[in-house]
Amino acid sequence: MSIYGSFLSDEQFQCSICLDAFINPSSTPCGHSFCMACISRYWDGSKVCQCPLCKKTFQKRPDLQINRTLREITDQFRSMRGVGREKKSEGADGGIPNGFFDELKKKLPRPLPKIPVKWNHEATDTTLMASSVPNSSPIAFMMPPSGPPPPPPPTYRTSNRRRFTVTGAASSQSLPLCEIHHRGIMIYCRTDRLCICPDCETEDHKDHDTVTVEDQWRDTKAQLSVSEKEIQDMIRQRIGKIEEIKMSVAELELTFERDTAGSVCLFSALVSAIQRSQAELMEVMEMSRRAGEHQADAMIRQLELEVEELRRREKALAELTQLDDALHGVKTFPVLANPPPAKDWSCVSVNSDLGTGTIYRSLAVQVERFQKELRTVAETGFPTLVLEPSPVRTQSRIKRVQEYAVDVTMDCNTSHPRLILSEDMKSVRCGDRHQLLPDNPERFDRVVCVLGRETISSGRHYWEVEVGGKTDWDLGVAKQSVNRKGKIDVTPSNGYWFLSLRDKNKYAFRTEPSTDVPVNLRPQKIGVFVDYEKGQVSFYNVDSKIHIYTFNDTFSECIHPFFSPCTNKSGKNDGPLIITPVTLTE
């Protein structure tokens, strides 16, 4: 018997409460075993029944029964060891002293480690975990000393449930342990989507769809590729949508430029027509008024002369009636009786027609044309080819034109006598008095301006001029052959293309007539771009990177940069125009 008992120890048959061999052992629903008396006394007086080892709580106090198999094994073990259990004087069924449970509840022993099932071929015996006694110690059974090695542990299987073996505890040694049962977590509950241990499955997940963690991981890995492909498809869709949105923004930008340019052209034409008609109308009405007044004055003078003659005749007749000389009266009366020759004024009147009907009819035709174009635009939009003039351009446009920057200087031989140029010919301002300068043919003598020394006869050219702080200025280009003496009409038809500022905030393009333009952001620096072959002169707000306006014309000869700081207006506009180096816009 000592041979068999050598595989067992006293601790494997100890009650965790009294720390003595089991007497009438009983197993709780959570699988732990205690003496019947010990666990009963432990629960007496408690409102909630709890396992001393795993702390599992039972809503209702379990109805415990003696585990007869464990009791027989314990008695057999005691008989092997020759060990009897002396009863304590305090009780015949457990011998536990009074007050023992109160102290034991404060500090309980740690649960014994679970012993895995393993086969020992050399000793030819098997240590098997008693499935009916959870957390119990292994029990030794004899195996025949000879013969082939024992078969692997039996495998049990339930319908639609996981496969498990009695060696499950051995495989759980490298797995994380369940906090409740201290067994390896090797099962996955698909119903609750939890990883659990075998005891959790038995107690809390009965009739659930459970598999081993390895099987669930194999199924999960099969789904990973599908999920990865779905994520990749979503990424591709969103990248495609980003490109689509970017293209939409670019298209929106082009549409904005096209419609802005078209609307500026359309309404500028109407405004110009109205302004032209208004000016012509005022001139015709003024001329008609003056003609009517002149006609009325002439008629009044003639009528006054006739009235004067009639009054003389009236006076003579009155004097004749006073005479006593009958012979003289008879001779004189026939001469005075006939009225003097006079004009028939009954049908004469001043013409009140101002002669504006022709102008109104012409304007009506232009308005009808505008309305027709407006209806066409409302139905089909502006044609794609209409891109200039455009009041707003993007940053990329100004960056492109800056690539054609040239070094521009001013020609002192063309400057007005009041203008003061810097030594490097990059700055100009207007002085208070005329300077003594030779009156050469190239010099302007009436307009306060100066031309650039560079001659533009082909290609593209760009320069920038600082205008900050000034209230008035003119910038642009002019033909080489422009008239420089006396009063000058600075219009494109006379060879001038430039942008003007007046009274600090009134911007205008010197067209015929001048076209006012609102500039929301006051520029500190103006960029001028010339495309000679296309006949374009464009202006930019360099600081805000905005295109302001573009003149379209045809250049038939050389042109030069044009600068006018305007008069200093008693010091209010004495700031200079400065040609600055071009820095490429980021």
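Just so it is clear, the model here is predicted, and its values are computed rather than measured. (Residues numbered from 1 in each chain as written. Predicted model: local features only at pLDDT ≥ 70, side-chain atom pairs only at ≥ 80, totals over all residues. Heavy atoms only, no water.)

## Remarks on the sheet that holds strand S11 (residues 194-196)
Operational definition: Strand pairing is assigned whenever DSSP detects at least two bridges linking the two strands. The helix count covers DSSP runs of H or I at least four residues long, the strand count covers runs of E at least two residues long, and both are numbered beginning at the N terminus. Fitting a line to C-alpha atoms yields each axis, with helices limited to the stretch in contact; the angle taken between N-to-C directions then spans 0 to 180 degrees. The criterion used for residue contact is that any of the two residues' heavy atoms lie within 4.5 Å.
The strand order across the open sheet built from three strands is S11-S10-S12, with neighbouring strands paired in antiparallel fashion. Looking along the sheet, the strands with just one partner apiece sit at the ends: S11 and strand S12 (210-212). When strand polarity is set aside, the average angle formed by the axes of neighbouring strands in this sheet is 30 degrees. Relative to S12, strand S10 (residues 187-189) runs antiparallel, the two being bridged by three bridges. Each residue of the ladder has a partner; that of Ile187, found in S12, is Thr212. Relative to the sheet, helix H7 (residues 213-321) contacts S10 and S12, its axis offset from that of S12 by approximately 90 degrees.

## Quick word on the pattern of salt bridges
What counts is decided by this rule: The working definition used for a salt bridge is a side-chain nitrogen of Lys or Arg within 4 Å of a carboxyl oxygen of Asp or Glu. Throughout, exposure labels follow a simple rule: accessible area from a 1.4 Å probe, protein chains only, divided by the maximum for the residue type, with under 20% read as buried, over 50% as exposed, and the rest as partly exposed.
Scanning the model with the defined rule gives 23 salt bridges in all. The shortest N-O distance in the salt bridge between Lys229 and Asp233 comes to 3.3 Å. You can see Lys229 and its partner Asp233 sitting in helix H7, four residues apart, about one turn around the helix. For the salt bridge of Lys426 with Asp407, the shortest nitrogen-to-oxygen distance reads 2.3 Å. Here Lys426, found in the loop between strand S13 (419-421) and strand S14 (427-430), pairs with Asp407, found in the loop between helix H10 (395-402) and S13; they are 19 residues apart in sequence, far enough to count as distant. The buried category is assigned to Lys426, whose relative accessible area is 18%. The exposure class assigned to Asp407 is exposed, which follows from its relative accessible area of 54%. Within the structure, one salt-bridge network assembled from shared partners comprises Glu286, Arg289, Arg290 and Glu293.

## Digging into the state of the cysteines
The line we're drawing: Note on disulfides: each one is a pair of cysteine sulfur atoms within 2.5 Å.
Counted by the stated rule, this structure contains zero disulfides. For Cys15, which is in no disulfide, the shortest distance to another cysteine sulfur is to Cys35 and amounts to 3.9 Å.

## Description of helix H8 (residues 326-337)
Test applied: Between the first and last residue of a helix there are one fewer steps than residues, each counted as 1.5 Å, and that sum is the expected span. As used here, the arc belongs to the directions running from the helix axis to the C-beta atoms.
The end-to-end C-alpha separation of H8 is 16 Å, in line with the 16 Å expected for 12 residues at 1.5 Å each. Among the residues of H8, those classed as buried are Gly329, Thr332 and Leu336. Viewed end-on, H8 has its buried residues packed into an arc of 85 degrees, placing them on one side of the element. Exposed positions of H8 whose direction lies more than 90 degrees from the buried face are Leu327, Val330 and Lys331.

## Some details on the packing of H7 against helix H9 (residues 357-380)
Heads up, the condition is: We call two directions roughly parallel when the angle between them is under 35 degrees, roughly antiparallel when it is over 145, roughly perpendicular when it lies between 65 and 115, and oblique otherwise. The classification used treats Ala, Val, Leu, Ile, Met, Phe, Trp, Tyr, Cys and Pro as nonpolar, Asp, Glu, Lys and Arg as charged, and all other residues, Gly among them, as polar.
Between H7 and H9, whose axes approach to 10 Å, the crossing angle comes to 170 degrees. As far as their axial angle goes, H9 and H7 are roughly antiparallel. Every residue of H9 that contacts H7 at Leu266, Phe267, Leu270, Ala273, Ile274, Arg276, Ser277, Glu280, Leu281 and Val284 is listed here: Ile359, Tyr360, Leu363, Gln366, Val367, Phe370, Glu373, Leu374 and Val377. By residue class, the composition of the contact of H7 with H9 is 14 nonpolar, two polar and three charged.

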